[in-house]
Amino acid sequence: MANPDFEELVETFEFLDDWEDRYRHVIDMGKAMDPLEEALRVPATKVDGCASQVWLVPQITDGRFHFRGESDAMIVRGLIAVLQTLYNDQPVAEINKIDAPAELGRLGLNDHLSAQRSNGLRAMVERIRQTAAA
């Protein structure tokens, strides 16, 4: 069910031999994201349940879901980039059909994130799902 961009990310992760390389790749993905403007870092866009500060700003254009995000933690910025790869440009009606835990599991993230990071990732996915459902 994943989109071609996410499939490409899965292939990249399969190519990378160890988790350190994958972790570095996630961080690099976060570094490549455009920063979120300070004016968008407000309580309404902040995601509760994350150990670090996280803001997600959704946008639905022509029936397609997009979001931008920011975090004060480099790995979490990278996780936002991973979620963008999974969700951005998908039809809004399809967002809640995406099995995020299964798709992210294909990257091996479940086995290598701390409990706090995993909870934060779930909170971000839940925010995305709620926004798409609204």
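Just above, that's the structure.
A brief structural summary.

What counts and what doesn't
Residues numbered from 1 in each chain as written. Predicted model: local features only at pLDDT ≥ 70, side-chain atom pairs only at ≥ 80, totals over all residues. Heavy atoms only, no water. Patch = residues over 30% accessible without salt bridge, like charges linked within 9 Å, V, L, I, M, F, W, Y side chains within 5 Å. Areas by Shrake-Rupley, 256 points an atom, 1.4 Å probe, with all protein chains shown as cover. Salt bridge = Lys/Arg side-chain N within 4 Å of Asp/Glu carboxyl O. Lys, Arg positive; Asp, Glu negative; His and termini not counted. Charge placed at Lys NZ, Arg CZ, Asp CG, Glu CD. Helix = DSSP H or I, 4+ residues; strand = E, 2+ residues; numbered from the N terminus. Buried < 20%, exposed > 50% of the residue type's maximum accessible area, 1.4 Å probe, protein only. Phe/Tyr/Trp six-rings, centres within 6.5 Å; stacked < 30°, edge-to-face > 60°. Pairing = 2+ DSSP bridges. Contact = heavy atoms within 4.5 Å. Axes fitted to C-alpha atoms, helices over the stretch in contact; angles between N-to-C directions.

A word on a negative patch on the surface
Next, step 1: Together, D5, E8, E11, E14 and D89 make up a region of like negative charge exposed at the surface.
Next, step 2: Relative to the elements of secondary structure, D89 occurs in the loop between helix 3 (74-87) and strand 3 (90-91).
Next, step 3: You can call D89 partly exposed: its relative accessible area is 41%.

Quick notes on the packing of aromatic side chains
Next, step 1: Under the definition given, this model contains 3 aromatic pairs.
Next, step 2: With a centroid separation of 6.2 Å and an interplanar angle of 65°, the aromatic rings of W19 and Y23 are classed as edge-to-face. Linking W19 with Y23, this pair stays in helix 2 (residues 19-32), spanning 4 residues, or about one helical turn.
Next, step 3: A centroid spacing of 6.2 Å and a plane angle of 50° characterise the contact between F65 and F67, whose relative ring orientation is tilted.

Notes on the pattern of salt bridges
Next, step 1: In the structure shown here, the tally under the stated rule is 8 salt bridges.
Next, step 2: A salt bridge links R106 to E7; its shortest N-O distance comes to 2.7 Å. Taken as a pair, R106 in the loop between helix 4 (100-105) and helix 5 (109-112) and E7 in helix 1 (residues 4-15) lie far apart in primary sequence, 99 residues in all.
Next, step 3: Among the residues examined, E7 registers a relative accessible area of 25% and is labelled partly exposed.
Next, step 4: With a closest N to O distance of 2.4 Å, E70 and R77 form a salt bridge.
Next, step 5: Relative accessible area serves as the criterion here: at 6%, E70 is assigned to the buried category.
Next, step 6: Taken together, the shared-partner salt bridges in this structure form one network comprising E38, R41, E70 and R77.

Section: unusual backbone geometry
Next, step 1: Within the chain, D62 stands out as a residue other than glycine whose phi angle is a positive 50°.
Next, step 2: With respect to the helices and strands, D62 occurs in the loop between strand 1 (54-61) and strand 2 (64-71).
Next, step 3: Owing to a relative accessible area of 77%, D62 belongs among the exposed residues under this scheme.
Next, step 4: Positive phi, close to 70°, is recorded for D89, a residue that is not glycine.

Details of the sheet that holds strand 2
Next, step 1: Taken in spatial order, the 3 strands make up an open sheet running 1-2-3, and their pairing is antiparallel. Every interior strand has two partners, whereas the edge strands, strand 1 and strand 3, have only one.
Next, step 2: Strand direction decides the pairing type here: strand 2 and strand 3, joined by 2 bridges, are antiparallel. When the sheet's bridge partners are listed, F65 is paired in strand 3 with Q90.
Next, step 3: Sitting on the sheet, helix 6 (residues 115-133) is in contact with strand 1 and strand 2, with an inclination near 30° to strand 1.

From the geometry alone we can't say anything about function, so treat these as descriptive.
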